[in-house]
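# Coordinates in review
These are the residues of each chain, in order.
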Amino acid sequence: MSLPVLKVEGLDKSYPGVHALDHVDLDLYEMEVHGLLGENGAGKSTFMKILSGSVLKDGGRIFIHGQEVNIANPQHARQLGIGMVYQELSLIPELTVAENIFLGRWPRRKIFGGIDWPQLVARAKDALDKLGVSINVKERVSNLGIGERQLTEIARAISMNVKIILFDEPSSALSDEERERFFYMIHALKETGVSIIYVSHRLSEAPRVCDRVTVLRDGKKIDTLPMDRADEETLIRMMVGRDVGEKFPKDETKEGKEVLRVKDLTIYGRLHHLELTLHQGEILGIFGLMGAGRTEFARALFGIDRIDEGKIFIEGRRVGISSPKDAIEAGLGYLTEDKLDGLLMQMTIPPNITLPSLRRFCKFGFIKHNDEKETAKGYIEDLGIHTPRVAQKIEFLSGGNQQKVALAKWLCSQSKILILDEPTRGIDVGSKIEVYRLINELSKGGAGIILISSELPEVLNMADRILVMSDGSFVAAYNRGEASQEDLLRSVVAKK
Amino acid sequence: MDKQSSRPKVFSLEWLKSQVATRQQRARLLIKTIIVAMGGVFCYAVLIAPGFLTIGNGINMAQRMPSIIIVAVAQTLVIIGAGIDLSVGAVMAFCGSLTAVAFCYWGIPVWVAILLGLLSGVTIGSITGLIITKGRIPDFIATLGMMVTVRGIALILTKGLPVPSHFTVVRLRAYLPPQVIWLGSGRILGIPASLIIAIAIVVVGWLVLNHTALGRSIFAIGGNKPAAILSGINFDFTKIKIYAISGLLCALAGIILIGRMNSANALMAGEINLQSIAAVIIGGTNLFGGQGGVIGSLFGAGVLSVLSNILNLHNVQDFAQDVFQGVVIIGVVIIDQLRRRYGR
Ligand SMILES: Nc1ncnc2c1ncn2[C@@H]1O[C@H](COP(=O)(O)OP(=O)(O)OP(=O)(O)O)[C@@H](O)[C@H]1O
Ligand SMILES: [Mg+2]
């Protein structure tokens, strides 16, 4: 076999209380897509970040084309031909899409060395066209949805013309259609001689793109397998260390009284006459492609965006909701699509979990720290949050574990109505099942749940009823078991 | 290999090598060295300072510290809430002057005058908070505007003269009330009363920040504003509360200050803006909000006070003292940044 493009030997990294990488070996060949799998906190991102120069290794050796290198920082990594798409998006919100794609590499004008705007815009358009997406390159990133941000980030990595691209959960926020195009893009890249390391929690993606997979568990490498010997069951067993059983545990629930009724909700130009009802114990799935207006609907309901028309009834009574505070007081909870909107990175786990329900943890205005800690401990166990201690700062948790904390926060809020926008994004297989169990428990406890998801199997298996959304309207409704994947996809497209 | 046995003996050459194996370890070692060196220089300067360890000097320092400690507590709350208060000095001067004017010129009973001073502080702070939240103006600009405005009002109020003053005929009383003097320079069991008040305020500040819902809200709005709002925290109201508390504390510091100086004037407390911010930063609070605490700020205030005291004792010229202070502030912030990047 030819010389590997990249060879990693005994890579080692520790953080206080965690051995994030324990002597990990890996090799990557030319034109190979190498999957890197593992539970939340297994060390995948740490591994990638060391290769991309944003984290320094404690020990081990890295060879590129047989030559040992000591990667000092991201610029150095890029010079060595390594580019990365980070799990936590790393775009600058205040800049435009075009500026972000060519961040620090802006095309210069010959005279005066100013930025050559026309060329910048043209090249950015070109990079996005290759991905087959139409995002206005002059739009500010802060105005983009999370999926569009992810695409921008991917375009940036691809446009760097590097030889090795590290993708850390690049597709978690993409719709199925975009994902297809992205996979196509990966194949095209491969043809041009690029090698790729690919991290994902969607195991079904692995056979689509990967040639080989390496599984990490608790910082240790379990094994590397060629893709044809690695079926889903095997991979899960390697990742989790046991069989996980039923992937979508869904309990029958009794539908109770109506908890939420939305009538004629409209935001001019974006959401059109949305109507829905939600009952106690019901899980209502909302399915749609990116940009269909699902997140906008959730934001409107939660009082973040002002609604132009429409009425909201909770338990039969009309309520006026003009801020998240009103919404929470009315009994709503909202797990946002973007976890950064929900977490205090510099604070520890317990205060983050209790933030919306702090009143319950207070006596005479003083916080009952013990109660708070015990509650947090409970969620850490239930959700399998991988952390060396309860009082760990959020910024030091792995991406998936952060998402779990964000989820725990709303599970803890005891809301009557819970809007979950992509609750299992970035969460590993084993923990997903745990999340579904908790959702079940909540609905059995009488909460009404709105489950927004672009993962079809999740909606199909977990929801009692499914609304399909397209272009700001609900275009179809199905009861549990009535619809197949094809039905849902067809009704999304039909309206268009 | 067994990890225990493979670990080299502490302070042997191998140990030293293993300590500087990676860039991170080298950085950590560098940070430690700088901290120890700075601490060493500091202690040395303290020990050789003529008369530092005398009781008189101790009392002198203890009497000067309370205002800056109290204002540093206020500034800590503001900065943790991702704000900054540039009006602290002006508010001190105004509230101190108002108390003095109310007593000396308007003939108001002493306790009412003090209450008036404190209330004016709360009012000014609330107005600042309202301007920031309802006017959607950055904290920096709003408090800068308040600083100038409030100073101006104080000058109008005192006609630019010290209070009480021999040059004006409107005065009813030509002295400050003994209660106020006691606040500034009285002692309890030999300890300055003002210092006891200041320490009590640090304790209360610590309680509020770490054990109450208000404190949690302050950390939340400073750490991640959207997250705080999405979690149902009333951003505007929290911000207003922070500035109201800051106003109150500044007023108290102002009254203590006039008590110590035995006179009020509209231009006093000019250097406290910078000093309070410096104390907070030296104390490890994140200048961008969401992280920190009052205990650190107490430490920071202490360092600054001792620094200026020993510079005085060494007879360092006033202007050069500013240079020293500036260098210390920048040095501490650099170390703090390094520490954040490379860990302890
Ligand atoms: N800066 C840090 N400080 C302390 N601990 C850290 C830091 N970064 C990561 N860790 C810890 O290292 C471990 C590995 O984290 P890593 O981000 O590599 O996981 P991951 O495999 O990418 O997980 P996920 O699927 O959730 O993204 C985790 O236990 C995490 O808590
Ligand atoms: Mg990760």
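Residues numbered from 1 in each chain as written. Chains lettered and ligands numbered in written order. Predicted model: local features only at pLDDT ≥ 70, side-chain atom pairs only at ≥ 80, totals over all residues. Heavy atoms only, no water.

### Quick word on the overall build of chain B
For chain B, the helix and strand inventory stands at 15 helices and two strands. In terms of overall dimensions, chain B has C-alpha extents of about 85 × 55 × 35 Å along its principal axes. Out of the 344 residues in chain B, the part that is buried amounts to 50%. For chain B, long-range pairs separated by at least 24 residues make up 76% of all intrachain contacts whose partners lie at least 6 apart in sequence. Within the structure as shown, chain B displays about 16,200 Å² of accessible surface, and the carbon and sulfur contribution to it stands at 70%. A gap of 4 Å separates the mean positions of the 25 positive and 9 negative side-chain charges of chain B. (Helix = DSSP H or I, 4+ residues; strand = E, 2+ residues; numbered from the N terminus. Buried < 20%, exposed > 50% of the residue type's maximum accessible area, 1.4 Å probe, protein only. Contact = heavy atoms within 4.5 Å. Areas by Shrake-Rupley, 256 points an atom, 1.4 Å probe, with all protein chains shown as cover. Lys, Arg positive; Asp, Glu negative; His and termini not counted. Charge placed at Lys NZ, Arg CZ, Asp CG, Glu CD.)

### A short note on the site of ligand 1
All names here are of chain A. Residues in contact with ligand 1 amount to 21 residues; listed here are only the nearest, Ser 45, Thr 46, His 201, Ser 398 and Gly 400. Contact distances for ligand 1 include 3.2 Å between an oxygen atom and a backbone N or O atom of Ala 42. Ser 45 is positioned with one of its side-chain polar atoms (N or O) 2.6 Å from an oxygen atom of ligand 1. Contact with the protein chains covers 92% of the free accessible surface of ligand 1, which is 640 Å². Listing elements by their share of the shell around ligand 1, those giving two or more residues are strand E2 (18-28), helix H1 (44-51) and helix H13 (399-412). (Near = heavy atom within 4 Å. Polar contact = N/O pair within 3.5 Å; in protein donor to acceptor, adjacent residues only side chain to side chain.)

### Thoughts on the coordination of the magnesium ion (ligand 2)
Residue and element names in this part refer to chain A. The protein atoms that coordinate the magnesium ion (ligand 2) are Ser 45 (OG) and Gln 87 (OE1), at distances of 1.9 to 2.1 Å. Taken together, the residues span a long stretch of sequence, with Ser 45 in helix H1 and Gln 87 in the loop between strand E6 (82-85) and helix H3 (97-101) at a distance of 42 residues. With a relative accessible area of 15%, Ser 45 lands in the buried category. Residue Gln 87 is classed as buried on the basis of its relative accessible area, which comes to 14%. (Donors = N, O, S within 2.8 Å, 3.2 Å for Na, K, Ca; no water.)

### Some remarks on helix H12 (residues 369-383) of chain A
The end-to-end C-alpha separation of H12 of chain A is 21 Å, in line with the 21 Å expected for 15 residues at 1.5 Å each. Every buried residue belonging to H12 of chain A is among Glu 372, Ala 376, Tyr 379, Ile 380 and Leu 383 of chain A, and all of these are buried. For H12 of chain A, the arc enclosing every buried residue in end-on projection is 105°, short of the 170-degree limit, so these residues lie on one face. For H12 of chain A, the exposed residues lying more than 90 degrees away from the buried face are Asn 370 and Glu 381 of chain A. Lining the buried residues of H12 of chain A we find helix H11 (349-354), strand E18 (366-367), H13 and helix H14 (429-444) of chain A together with helix H10 (213-223) of chain B. In the stretch just after H12 of chain A, Gly 384 of chain A is the one whose phi turns positive, near 60°. (Expected span 1.5 Å × (residues − 1). Arc of directions from axis to C-beta.)

### Some details on the domain arrangement of chain A
Residues and elements named next belong to chain A. Here the domain parsing of chain A yields domain 1 (6-240) and domain 2 (258-495). In this assembly, 27 residues from domain 1 lie in contact with 23 residues from domain 2. For domain 1, the biggest contributors to the area lost against domain 2 are Asn 40, Ile 146 and Arg 202; these three give 28% of the whole. Our enumeration of links across domain 1 and domain 2 arrives at one salt bridge. One can count six residue pairs in polar contact (both at pLDDT 80 or more) joining domain 1 with domain 2. Only helix H5 (146-159), helix H6 (176-191) and helix H8 (232-240) provide two or more residues apiece to the side of domain 1 that touches domain 2. It is H5 that contributes the most residues to the side of domain 1 that touches domain 2, four residues altogether. (Domains from an automatic or database assignment. Buried area = accessible area lost by both parts, 1.4 Å probe. Salt bridge = Lys/Arg side-chain N within 4 Å of Asp/Glu carboxyl O.)

### Points about the sheet that holds strand E21 (residues 465-470) of chain A
All names here are of chain A. Spatial ordering of the open sheet is given by E16-E19-E20-E13-E21-E22, a layout of six strands whose pairing is mixed. The open sheet has two edge strands with one neighbour each: strand E16 (332-335) and strand E22 (473-479). Within this sheet the neighbouring strands show an average axis-to-axis angle of 20°, counted without direction. Taken together, the five bridges between strand E13 (residues 283-288) and strand E20 (residues 448-453) define a ladder with parallel strand orientation. Counterpart to Leu 284 in the pairing with E20 is Ile 450. (Pairing = 2+ DSSP bridges. Axes fitted to C-alpha atoms, helices over the stretch in contact; angles between N-to-C directions.)

### Description of the packing of helix H5 (residues 88-104) of chain B against helix H6 (residues 110-134) of chain B
All names here are of chain B. Axis separation between H5 and H6 bottoms out at 8 Å; the angle between their running directions is 150°. Taken together, the axes of H5 and H6 are roughly antiparallel relative to one another. The hand of the H5/H6 crossing is right-handed. Contacts between H5 and H6 involve Val 91, Phe 94, Cys 95, Leu 98, Thr 99, Ala 102 and Phe 103 from the former and Val 110, Ala 113, Ile 114, Leu 116, Gly 117, Ser 120, Gly 121 and Ile 124 from the latter. (Parallel < 35°, antiparallel > 145°, perpendicular 65-115°, else oblique. Left-handed = near helix turned anticlockwise from the far one by under 90°.)

### Details of the pattern of salt bridges
All names here are of chain A. Under the definition given, this model contains 26 salt bridges over all chains. Residue Glu 422 is joined to Arg 294 by a salt bridge in which the shortest nitrogen-to-oxygen separation is 3.9 Å. Placement of the pair is Glu 422 in the loop between strand E19 (417-421) and H14 and Arg 294 in helix H9 (residues 294-301), with a sequence separation of 128 residues. Lys 416 is the partner of Glu 315 in a salt bridge, and the nearest nitrogen-oxygen pair spans 3.4 Å. Taken together, the residues Glu 315 in the loop between strand E14 (309-314) and strand E15 (317-319) and Lys 416 in the loop between H13 and E19 connect sequence positions 101 residues apart. Residues joined by salt bridges that share partners form a network here, namely Asp 27, Glu 32 and Arg 212.

### What to know about the packing of aromatic side chains
Here the structure, examined in full by the defined rule, presents nine aromatic pairs over all chains. On the numbers, 5.8 Å between centres and 70° between planes, the contact of Phe 103 of chain B with Tyr 175 of chain B is edge-to-face. Residue Phe 103 of chain B is located in helix H5, and its partner Tyr 175 of chain B is located in the loop between helix H7 (139-158) and helix H8 (178-185); the two are separated by 72 residues in the primary sequence. Note on Tyr 175 of chain B: relative accessible area 46%, which makes it partly exposed. An aromatic cluster of at least three residues, connected via ring pairs, comprises Phe 167, Phe 182, Phe 183 and Tyr 198 of chain A. Between Arg 173 of chain B and the ring centre of Phe 103 of chain B, over which it is positioned, the NZ or CZ distance is 4.1 Å. Over the aromatic face of Phe 235 of chain B sits the side chain of Lys 225 of chain B, whose NZ or CZ is 4.3 Å from the ring centroid. (Phe/Tyr/Trp six-rings, centres within 6.5 Å; stacked < 30°, edge-to-face > 60°. Lys NZ or Arg CZ within 6 Å of the ring centre and 35° of its normal.)

### Some points on H7 of chain B
Residue and element names in this part refer to chain B. With 20 residues, H7 should reach 28 Å at 1.5 Å per residue; the first-to-last C-alpha distance of 28 Å fits that figure. Taken as a whole, H7 has its buried residues at Asp 139, Ala 142, Thr 143, Met 146, Val 150, Arg 151, Ala 154, Leu 157 and Thr 158. End-on, the buried residues of H7 take up no more than an arc of 160°, which puts them together on one face. Looking at H7, the residues exposed on the side facing more than 90 degrees away from the buried face are Val 148 and Ile 156. In this fold, the buried residues of H7 make contact with H5, H6 and helix H12 (235-261). A positive backbone phi angle near 55° is found at Lys 159, which sits one or two residues after H7.

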